[in-house]
Amino acid sequence: MDMQVAKKKLGLKERYAVMTRGLDWTPSYQKMEDIYPYVAYEGIKIHDWDKWEDPFRLTMDAYWKYQAEKERKLYAIIDAFNQNNGHLNVTDARYINAVKLFISGISPLEYVAHRGFAHAGRAFPGPGPRVACLMQSIDEIRHAQTQVHSISNYNKYYNGMHDFHHAHDRVWFLSVPKSFFDDALTAGPFEFMVAIGFSFEYVLTNLLFVPFVSGAAYNGDMGTMTFGFSAQSDEARHMTLGLEVIKFILEQDPANVPIVQRWIDKWTWRGYRVLTLVAMMMDYMLPKRTMSWKEAWEIYFEENGGALFKDLARYGITMPKCAGQIALEKDHLSHQAWSTFYNYAAAANFHTWMPDDDEMKWLASKYPDSFDKLYRPRYRFWREQAAKGNRFYSKTLPMLCQVCQIPMVFTEPGEPTKTCYREVDYRDDKYHFCSDHCKKIFEDEPEKYTQAWLPVHQIYQGNCFPEGTDPTVEGFDPLAEVLKFYNLEHGRDNLDFEISEDRKNFAEWRGQATRNI
Amino acid sequence: MQIDLRTVTIKPLRHTFDNIARRIGADKPASRYQEGTLDMQQEANYHYRPTWDPDHLIYDRDRSAIRMADWYSFKDPRQFYYGAYTIARAKQQDTAEANFDFVENRGLAATLPDEIRDTVLALLIPLRHVAWGANMNNAAVCAYGYGTAFTQPCIYHAMDQLGIAQYLTRVGLLLGDVDSLDAAKQAWMEDDTWQGLRRYVEDTLVLRDPFELFVAQNVALDGLLYPLVYETIIDDVLSAKGGTPVAMLTQFMTDWHAETRKWIDATVKTAAAESAGNKTVLADWIVQWRDRAAAALLPVSRIALGERADELTTEIVQQFNARMAKAGVPL
């Protein structure tokens with residue numbers, strides 16, 4: 001009998017290579033540039049796709065197994081949470097407004113990420129990055145869906161979330177996160193990866209996803225906390241992909257460095273502006289705070305991000321220039337944002353309120369250089385007015401920044417009592433900006449940013465009223481019509497927390513669940 | 001005997017999201033498939049045009065010649081959202097793993113007649129490249145298609161095809177070794193047998209209409225390839241010659257095709273039922289790609305079927321035509 005020749009044993013890395021890149025081939029019936037038409041126009045030079053180091057080695061069999069296990073656990077917990085009226089265990093009903101912000105502002109972005117990574121996962125000629133991107137694509141639809149499924153139960157009992165898809169495409173402040181992701185998705189595939197894979201997932205995820213999930217954990221929201229924790233291992237994979245992408249692009253050609261640097265500068269600032277919503281959530285909307293926005297920025301960006309950029313220095317990459325301005329804003333960002341939403345509470349899909357005395361004390365201790373001097377007097381005044389029955393809701397429309405689309409409420413760097421305005425003349429129009437950084441982003445790509453769907457402009461142009469509305473009739477109430485267009489119910493979805501149905505119902509239901517009445 | 005566990009009951013303000021209630025016609029509890037699918041894709045007020053495709057919106061109905069009044073008319077009969085999908089696949093993976101273990105632990109690969117083993121290596125292993133092309137094509141349909149009801153199953157399908165390419169790779173490593181993979185790739189690149197199929201796959205990689213791509217890949221090519229290779233050649237012809245262990249190794253593909261074709265048929269049916277125009281477009285595409293696929297598969301099927309290749313391929317095409325007629329597109 002012949003001796004059986006021992007087969008060549010494959011190491012893990014080799015085995016993964018035959019399972020992925022070994023499947024690829026160089027086409028001959030169609031041209032590479034026709035099969036991968038989107039890969040050249042950004043100017044990124046890739047000489048050898050084989051130099052790509054797979055950031056994780058997960059074959060589909062293992063993927064299905066791990067993910068199914070996580071899904072089984074997650075849905076068991078969601079079911080238990082729902083059955084047990086878990087929503088009544090949150091610290092207080094104000095917390096639920098953070099959930100509203102999340103489902104209408106963030107969850108739809110998870111879906112866009114899913115589509116964006118499907119696009120990137122098709123666009124790159126390298127099989128390694130394609131597979132990694134597709135795994136992220138399917139993970140992202142997971143995140144979008146698990147969030148909708150977890151928060152679905154809150155929607156049954158609380159207002160403001162009932163038409164969140166519709167809201168995301170229309171409501172004024174939701175154009176901030178929406179335009180951010182639209183911006184990334186409409187960029188080329190390399191920029192998309194730097195924008196989302198690196199800047200968003202790697203540099204900023206601890207400032208976005210993590211504060212919401214930690215906030216949920218601190219405030220007794222098991223539903224939200226569970227999907228967050230369940231997504232953690234996915235996020236870890238996404239972060240390693242983001243880092244690998246940047247290193248790979250930088251190592252391929254020195255000419256890539258200035259392009260990537262411009263993208264990092266742009267996307268750090270774009271991402272930071274979106275984080276305005278998170279900053280105010282952390283400092284104002286969580287009844288039980290996890291940490292202040294300022295502390296989070298210092299730990300996750302200044303310390304961790306600082307170490308990262310030190311590491312990237314060997315490629316010639318430097319800390320984004322905007323970091324200096326962000327440091328100057330960290331004492332003010334959340335307060336200026338909350339003040340804005342307090343004013344515009346008639347036009348938003350969540351409630352706002354004034355912090356109580358204990359919370360003011362907490363804010364003063366976290367922001368010793370700014371809170372007592374600048375913001376406490378303002379809040380005190382508003383509280384007094386509200387007590388006298390003069391709770392003020394602004395009904396005029398603010399000017400928006402052409403790039404980040406946030407109302408122009410930010411102050412000059414280092415001059416917190418002076419509003420910052422910048423403008424640029426382009427073609428026959430004047431464009432307005434909240435900052436030098438947004439202005440710079442516009443100047444680099446004016447053709448792109450002039451297309452922005454700015455909610456305020458659209459309202460003034462008459463595009464945000466229900467069909468058939470006649471704005472010339474006497475007694476026309478623009479805000480009422482805009483709310484109809486948003487499908488928000490005046491008096492239920494908006495206005496101050498103190499007078500909200502949420503507050504009333506929560507108190508009643510909690511009483512029903514904990515007392516014998 | 002029923003026991004009566006009591007819970008505190010609070011009357012909800014509403015039972016589902018407004019968009020779901022509008023679509024299902026009433027405010028009533030919705031399924032996780034519905035809440036995870038309906039209107040998930042953004043629909044209005046996009047901010048910028050794609051720099052990579054400035055003639056279209058980010059999500060654009062006009063990328064396809066298929067016209068739908070509502071792209072959420074499509075329904076996945078499997079009701080797959082991510083959780084349901086991964087749990088279903090994990091179960092199949094358990095079975096596949098047990099099958100691979102069974103074949104490996106009992107040394108069944110070594111008991112295969114040489115002729116069968118060579119046939120399987122020659123036929124199956126180059127197909128890992130076909131599955132890889134299918135992975136790319138379904139990623140494209142997912143990326144550039146319109147509406148989550150249509151695009152969502154395509155990302156699952158893309159990952160399934162990657163899984164299939166990986167199972168085929170394992171079959172190659174089990175019945176052969178790394179050199180077998182290289183030999184199969186060389187055949188894929190150079191042998192006349194495979195050039196028609198490789199040309200087909202490369203030609204689909206440049207299709208821009210996501211629905212045509214869906215037809216070329218999932219309806220036409222896989223609609224002939226799976227019945228021919230897995231149901232006819234592996235499960236019938238080779239099993240009869242002592243190749244049953246191979247059928248165990250490809251059980252995933254057989255089961256998978258039986259499951260996924262329900263979704264594919266439902267998709268074709270919904271698009272065809274929408275309008276006479278759609279039906280014409282679909283019929284044109286299906287005929288064109290079916291004929292090309294059948295011609296490309298014929299030399300491949302000869303590897304295992306020899307002289308019977310023409311006859312059995314014709315039979316498969318007839319079954320395919322009957323299937324399409326049932327889905328509302330008589331060819």
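Given the structure is predicted, the values throughout are model-derived calculations rather than measurements. (Residues numbered from 1 in each chain as written. Chains lettered and ligands numbered in written order. Predicted model: local features only at pLDDT ≥ 70, side-chain atom pairs only at ≥ 80, totals over all residues.)

Caption draft 1: Structural detail: the overall build of chain A. Each helix and strand counted, chain A has 21 helices and 4 strands in total. For chain A, whose C-alpha radius of gyration is 25 Å, the value lies close to the compact-globule estimate of 24 Å for 517 residues. C-alpha atoms of chain A, sized along the principal axes, occupy 95 × 65 × 50 Å. Counting across all 517 residues of chain A, residues that qualify as buried make up 50%. Of the contacts formed within chain A by residues at least 6 apart in sequence, a portion of 77% connects residues at least 24 apart. (Helix = DSSP H or I, 4+ residues; strand = E, 2+ residues; numbered from the N terminus. Rg over C-alpha atoms; globule rule 2.2 N^0.38 Å. Buried ≥ 20, exposed ≤ 12 C-beta atoms within 10 Å, placed from the backbone. Contact = placed C-beta atoms within 7 Å.)

Caption draft 2: The arrangement of the confidence of the model for chain B in detail. Mean pLDDT for chain B: 97, with 100% of residues reaching 70 or above. This prediction of the complex comes with two scores: 0.97 for pTM and 0.97 for ipTM. (pLDDT = per-residue confidence, 0-100.)

Caption draft 3: Seen up close, helix H3 (residues 60-83) of chain A. The first and last C-alpha atoms of H3 of chain A sit 34 Å apart over 24 residues, in line with the 34 Å expected at 1.5 Å per residue. Those residues of H3 of chain A lying buried are Met-60, Asp-61, Tyr-63, Trp-64, Gln-67, Ala-68, Glu-71, Leu-74, Tyr-75, Ile-78 and Phe-81 of chain A. Lining the buried residues of H3 of chain A we find helix H5 (127-157) and helix H10 (222-252) of chain A together with helix H3 (82-105) and helix H7 (148-175) of chain B. Directly after H3 of chain A, the chain includes Asn-85 of chain A, whose backbone phi takes a positive value near 50°. (Expected span 1.5 Å × (residues − 1).)

Caption draft 4: Up close: the packing of helix H4 (residues 96-123) of chain A against helix H8 (residues 189-203) of chain A. All names here are of chain A. Axis separation between H4 and H8 bottoms out at 10 Å; the angle between their running directions is 135°. Of the possible angle classes, the one that applies to H4 and H8 is oblique. The way H4 lies across H8 gives a crossing that is left-handed. Of H8, the residues touching H4 (which contributes Ala-113, Gly-116, His-119, Ala-120 and Ala-123) are Pro-189, Phe-192, Met-193 and Ile-196. (Axes fitted to C-alpha atoms, helices over the stretch in contact; angles between N-to-C directions. Parallel < 35°, antiparallel > 145°, perpendicular 65-115°, else oblique. Left-handed = near helix turned anticlockwise from the far one by under 90°.)

Caption draft 5: Spatial organisation of the pairing of strand S3 (residues 422-426) of chain A. Residues and elements named next belong to chain A. Looking at chain direction, S3 and strand S4 (residues 429-433) are connected through 5 bridges and run antiparallel. Bridging from a neighbouring strand, Tyr-426 pairs with Asp-429 of S4. Between S3 and S4, which follow one another and run antiparallel, lie 2 residues, and Arg-427 among them has a positive phi close to 50°. (Pairing = 2+ DSSP bridges.)

Caption draft 6: Region of interest: the interface of chain A and chain B. Listed as interface residues are 72 residues of chain A and, on the opposing side, 65 residues of chain B. Breaking the side of chain A that touches chain B down by element, the ones donating at least two residues are helix H1 (12-19), helix H2 (32-35), H3, H4, H5, helix H6 (164-168), helix H7 (175-186) and helix H21 (501-514) of chain A. For the side of chain A that touches chain B, the element with the most residues is H5 of chain A, which contributes 14 residues. Tallied by class, the residues present in the side of chain A that touches chain B amount to 31 nonpolar, 23 polar and 18 charged. (Nonpolar A, V, L, I, M, F, W, Y, C, P; charged D, E, K, R; others polar.)

Caption draft 7: Spotlight on unusual backbone geometry. Look at Asn-487 of chain A: it is not a glycine, yet its phi comes out positive at around 55°. Tracing the sequence through the fold places Asn-487 of chain A in the loop between helix H20 (478-486) and H21. Take Asn-487 of chain A: there are 18 C-beta atoms within 10 Å of it, and that puts it in the partly exposed class. The backbone of Gln-79 of chain B shows a phi angle near 50°, a positive value even though the residue is not glycine.

Caption draft 8: Spotlight on the environment of Leu-275 of chain A. All names here are of chain A. Relative to the helices and strands, Leu-275 resides in helix H11 (residues 256-285). Look at Leu-275 and you get buried, because 24 C-beta atoms sit within 10 Å. Spatially, the C-alpha atoms of Leu-275 and Phe-200 are 11 Å apart, while their sequence positions differ by 75 residues. Aside from chain neighbours lying at most four places away, what touches Leu-275 is Leu-204, Leu-207 and Leu-208.

Caption draft 9: Just H11 of chain A, in detail. Residue and element names in this part refer to chain A. Along its 30 residues, H11 runs 42 Å from first to last C-alpha, staying within 8% of the 44 Å computed at 1.5 Å per residue. Maximal helix bending in H11 amounts to about 35°, located at Thr-276. Taking burial as the measure, the 30 residues of H11 include 25 buried ones, the bulk of the element. (Bend = angle between axes of the 7 residues up to and from the residue.)

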